[in-house]
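Residue strings, one per chain:
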Amino acid sequence: MSKKVLILIIAVVVVVALAAVYFTRTSAPEVAGGAKGFKIGIITGTVSQNEDEYRGAEAAIAKYPGLLKHVTYPDNFMQEQETYIAQITGLAADPEVKAIVVNQAVPGTIAAVRRVRETRPDMIFITGEPHEDPPLLEREVEVSLIPNQPARGKTIPQLAKEMGAKALLHYSFPRHMSYAQLAERRDLMKAECEKLGIEFVFVNAPDPMGEGGIPAAQQFILEDVPRQVAKYGKDIALFSTNCAMQEPLIAAAMKTGAIFPEQCCPSPTHGYPGALALEITDEIRGNFPAIMEAIDKKVVESGRAGRFATWPVATGYLHSLGGVEVAKLALEGKLDLNDIDAVAAVISEVAGTEIKMERLSNNGNFYMYIVDSHIFGK
Amino acid sequence: MNEPKITPQTLPEKTAGQVKTGKKFEGIMGELYVPLFFAVLCLLGIVAAGLNPRFLLNEIIIRLARNSFLVLSLIIPVIAGLGLNFGIVIGAMSGQAALIIITHLEIGGLPGFLLAALISVPFALITGYLTGLVLNRAKGREMVTGYILGFFANGVYQLIFLVLVGTLIPMSNPKMMLSSGIGLRNTIDLIAINKALDNALLSSVRLGAFKIPWATFLAIGLLCLFTSYFTKTKLGQQMRAVGQDRHIAAVSGINVDRIRLIAIMISTVLGAWGQLIYLQNIGTFNTYNSHEQVGMFSIAAILIGGASISKATIWNALVGVLLFHTLFVVSPLAGQRILGIPQVGEYFRSFLAYGIIAVALALHAWQTKKKAASREKE
């Protein structure tokens, strides 16, 4: 009896719901498609994961009103992959959307891209900071933008040495060490440290996606840095592969006097504002030279000049804004996505600083880039 | 507890029916509170999201096919009184181990999928047996024990595939392994068995505009038949007896621990197969994370379908998948449309998704209390 009632009720609900959808659909306010005849979908994290991507998307929307459809992926993207995939296929369900910028391309991107291609083979995908295996991903999407991780395996120890480091501490955890590029970078870093005569220290931190979540990981950093500084001395450079650990890492470096060469995703807005209690006012929002100057002032005031550095542009912000720019130019037929120099020129212009770009392999357009670091107080 | 003990053979549904005829309607309504509540939420969500109905229906069909098997695998432990089996995460890991083997051996298509199903059985039986042993030592606290066991098993799983593969376990496959030769990469491409089951039968027969994974639905149907047949067998009846009262069952000569072990082992094997069905549909798999998605969401789905920790039916599972995933599809867009800010959609969705689990449990507790109160009056 109860089963039949249940089925009946569900059936009624579904029918009514679909009817409701039909009636509301026509009256739904649609974003003006613009005169260009196409739209670009963009999917980013929310501000609780990494603010740069979201702000980059906002900046792109402000730059091209009506051109973009912005959605976000789950904060718990590792656990909620189905939702992530549905968000992307949802964007592709709009026939006007001709390109999708995915920033960051968290796990599930390959599955989502393949699903979209079943019905929309011509969709252009631009991915920022892809997490999945690069050789697999590069064959699936048109363009990937990512800091050159293997190259950073050399530049970070060199920078640390320049800043006076005698040891380099690398915080990570098994899940990240299963990312091919992060593992490769750690190995390169170790080799480069040996070459430069710096001691390389690997410390396992709790995984922020593990049972303790982000708070446990941050707590660990705050507690562990003073221990390591006591053991290796102040001239130890701190590095971590995880975004959530950057703020406690900078705060701990500030307190103990350790060296902080750059974040996992180098950016003036990643970790610095929170750790230094820097207020991002409306005047300096999105204005990276002004933000750099404000951090510089704080670092010098605290008497830590020469101990902190980063790239002068936020990679997450750049991937959103630059990704949209690249997608737009490609849709207008003004940019060949296979031409690495042309893409680098577009991204450099958005960044406002010069960018050196490299291709991973000839199987696709997996573009890895590097930007010169800026040491605060120098 | 002064009510007369129910004899082991009595089915729980009948006890609901035994309430006086005047209260029959109320009894049915009591069971339907939770699904009805969520049906209304779904309806509101669908109206608010204003989704393309074709996209919505397509998405629901995909998710029914993808998740039903996993959710159905939860039923048998509930009958045996073990509560909701968070241990299916361990089954999912067994399924993934089988997938890693067939991907390494490069066996694709339906034969590959079936072979994976076969290989996963011994893994699932062994891990299920071990899970059962632990749960038998934690009677009355099976759910939280199972939940924590999942974290423990995750550590073992990472140890095996990140450290032991390439060292203790000889394997060499540059496509699947990290460049250091130790450990697997974080993404495994399942293109060889992508949709192997979904497209195994009548793949060209469409239902209107929708592509239906006939073979997957057939597998789900068979599992439904198996589950309802199983509860009528001697073993199934013994499980019911154990589920209703361990002590009475033990007195009547049933080996309680053995019955509980069997229930968990069956559930673990079904969980492994469910994960195979899920992943063949997705098409790629995150070596170290795909299984984490399984336990929590399957359990949330069956709870929304009206199940409780002491009673679950096939209909609870199927209706639950339908409602839970409809909510998951519509809620991000509903949040975004109502409030006009993209990331609020995500917050709205996670508020709903996790709120759901809490509400379902609270409604169930409230009902149990009410039932107990009305019984005492009689």
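Criteria and thresholds
Residues numbered from 1 in each chain as written. Chains lettered and ligands numbered in written order. Predicted model: local features only at pLDDT ≥ 70, side-chain atom pairs only at ≥ 80, totals over all residues. Heavy atoms only, no water. Buried < 20%, exposed > 50% of the residue type's maximum accessible area, 1.4 Å probe, protein only. Helix = DSSP H or I, 4+ residues; strand = E, 2+ residues; numbered from the N terminus. Pairing = 2+ DSSP bridges. Contact = heavy atoms within 4.5 Å. Buried area = accessible area lost by both parts, 1.4 Å probe. Salt bridge = Lys/Arg side-chain N within 4 Å of Asp/Glu carboxyl O. Polar contact = N/O pair within 3.5 Å; in protein donor to acceptor, adjacent residues only side chain to side chain. Nonpolar A, V, L, I, M, F, W, Y, C, P; charged D, E, K, R; others polar. Axes fitted to C-alpha atoms, helices over the stretch in contact; angles between N-to-C directions.

What follows is about the pairing of strand β11 (residues 366–370) of chain A. For a regular strand, side-chain orientation follows a simple rule: the groups alternate between the two sheet faces. Residue and element names in this part refer to chain A. With respect to burial, β11 is a largely interior element, 5 of its 5 residues being buried. The two faces of β11 match: Phe366, Met368 and Ile370 on one face and Tyr367 and Tyr369 on the other face are all buried. Direction of pairing for strand β5 (residues 143–147) relative to β11: parallel, over a ladder of 4 bridges. When the bridges of β11 are listed, Ile146 appears paired with Met368.

Here we come to the interface of chain B and chain A. How big an interface is tends to be stated in terms of the accessible area lost upon association of its parts. Facing 59 residues of chain B, the contacting portion of chain A comprises 62 residues. Both faces combined, the contact of chain B with chain A buries some 5400 Å², and carbon together with sulfur accounts for 61% of it. Of all residues in chain B, the largest losses of buried area upon contact with chain A belong to Asn186(B), Trp315(B) and Gln343(B), amounting jointly to 10% of the total for that side. Residue Lys195(B) is joined to Glu118(A) by a salt bridge in which the shortest nitrogen-to-oxygen separation is 2.6 Å. At the surface where chain B touches chain A, the tally comes to 11 residue pairs in polar contact (both at pLDDT 80 or more). For the side of chain B that touches chain A, the elements supplying multiple residues, two or more each, are α2 (24–49), α3 (53–72), α7 (142–164), β1 (187–189), α11 (256–282), β4 (284–286), α13 (314–339) and α14 (342–377) of chain B. Tallied by class, residues from the side of chain B that touches chain A come to 32 nonpolar, 16 polar and 11 charged.

Note: strands within a sheet are paired through backbone hydrogen bonds, in either parallel or antiparallel orientation. All names here are of chain A. Read from one edge to the other, the open sheet built from 3 strands follows the order β7-β6-β8, with strand pairing classed as parallel. Every other strand in the sheet has two partners, leaving β7 (199–204) and β8 (236–240) as the edge strands with one partner each. Between one strand and the next, the sheet's axes are offset by a mean angle of 20°, whatever the strand orientation. In the sheet, strand β6 (residues 167–172) pairs with β7 via 6 bridges, with the strands oriented parallel. Residue pairing across strands places Ala167 opposite Glu199, the latter belonging to β7. Against the sheet, helix α8 (residues 180–196) contacts β6, β7 and β8, and its axis sits at roughly 150° relative to β7. Sheet contacts for helix α10 (residues 246–256): β6 and β8; angle to β8, the most-contacted strand, approximately 170°.

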